[in-house]
Amino acid sequence: MSNYTVSLAGPAPWGFRLQGGKDFNMPLTISSLKDGGKASQAHVRIGDVVLSIDGISAHGMTHLEAQNKIKGCTGSLNMTLQRFLHIPRMPLCCLMSFSVYATSAICLLLRHGITSAKLNWDLISCP
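All of these numbers come straight from a predicted model, not from anything done at the bench. (Residues numbered from 1 in each chain as written. Predicted model: local features only at pLDDT ≥ 70, side-chain atom pairs only at ≥ 80, totals over all residues. Heavy atoms only, no water.)

A.B. asks: Got a minute to help me understand the nonpolar core in this structure?
C.D. replies: One recurring pattern in soluble globular proteins is that nonpolar side chains are buried together. Counting 20 residues, the largest nonpolar core has Phe16, Leu18, Val50 and Leu77 as the members making the most contacts within it. Of all the elements in the fold, those that place two or more residues in this core are strand S1 (2–9), strand S2 (16–21), strand S3 (26–33), strand S4 (49–53), helix H2 (63–71) and strand S6 (76–83). For Phe16, the residues in contact, after removing those within four places along its chain, are Leu8, Ile30, Ser32, Leu33, Ala39, Ile70, Leu77 and Met79. (Core = buried A, V, L, I, M, F, W, Y, C linked by side-chain atoms within 4.5 Å. Buried < 20%, exposed > 50% of the residue type's maximum accessible area, 1.4 Å probe, protein only. Helix = DSSP H or I, 4+ residues; strand = E, 2+ residues; numbered from the N terminus. Contact = heavy atoms within 4.5 Å.)

Encoded structure:
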């Protein structure tokens, strides 16, 4: 993962939408981008996590607080974002095969009495 700063020249619209916030128990994240918009032109990507807005930490901000902070930026919008490393997409057939093998391995562990309090094993049905 890597952090980066972006400065978008105002005024709004900034060309992105947010999701999450303290009130959703999720980090504030870029959920969509307008094609050709200011955020897209600055290489912001869907899934990037908002760490700060105009120098104010976004940690603990509700969705509405973040929206209001962004709306208050008229001359420019400065944000620090965090991007997780790109994980190549796997073809669906490979994912399905992996899922079958992973479920089989978990079932084998369960049959031998190996469990973990961190996982909800009730969601897994073993044949």
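Anyway, onward from the coordinates.
A.B. asks: Is there a simple way to explain the layout of surface pockets in this structure?
C.D. replies: If you roll a probe as big as a water molecule over the atoms, it shows you where there is empty space left. Volume-wise, the largest pocket comes out at about 280 Å³. Lining the largest pocket we find Ala12, Trp14, Gly15, Phe16, Arg17, Leu18, His63, Gln67, Ile70 and Lys71. Broken down by secondary-structure element, the contributors of at least two residues to the lining of the largest pocket are S2 and H2. Among the elements that line the lining of the largest pocket, the one with the most residues is H2, at four residues. Taken together, the residues of the lining of the largest pocket break down into five nonpolar, three polar and two charged. (1 Å grid on protein atoms, 1.4 Å probe; cavity = no way out; pocket = protein on both sides within 12 Å on 5 of 7 lines; lining within 4 Å. Points joined across faces, edges and corners; volume = space filled by probe spheres on them. Nonpolar A, V, L, I, M, F, W, Y, C, P; charged D, E, K, R; others polar.)

A.B. asks: I tried to follow the side chain of Asp48 on my own but got confused; where do I start?
C.D. replies: Mapped onto the fold, Asp48 is located in the loop between helix H1 (38–41) and S4. On the basis of relative accessibility, which here comes to 2%, the residue Asp48 falls in the buried class. A polar atom in the side chain of Asp48 sits 2.4 Å from the side chain of Tyr4. Other than its neighbours up to four places away in sequence, Asp48 contacts Tyr4, Leu28, Thr29, Ile30, Leu81, Gln82 and Arg83. (Polar contact = N/O pair within 3.5 Å; in protein donor to acceptor, adjacent residues only side chain to side chain.)

Purely geometric numbers; function is a separate question.
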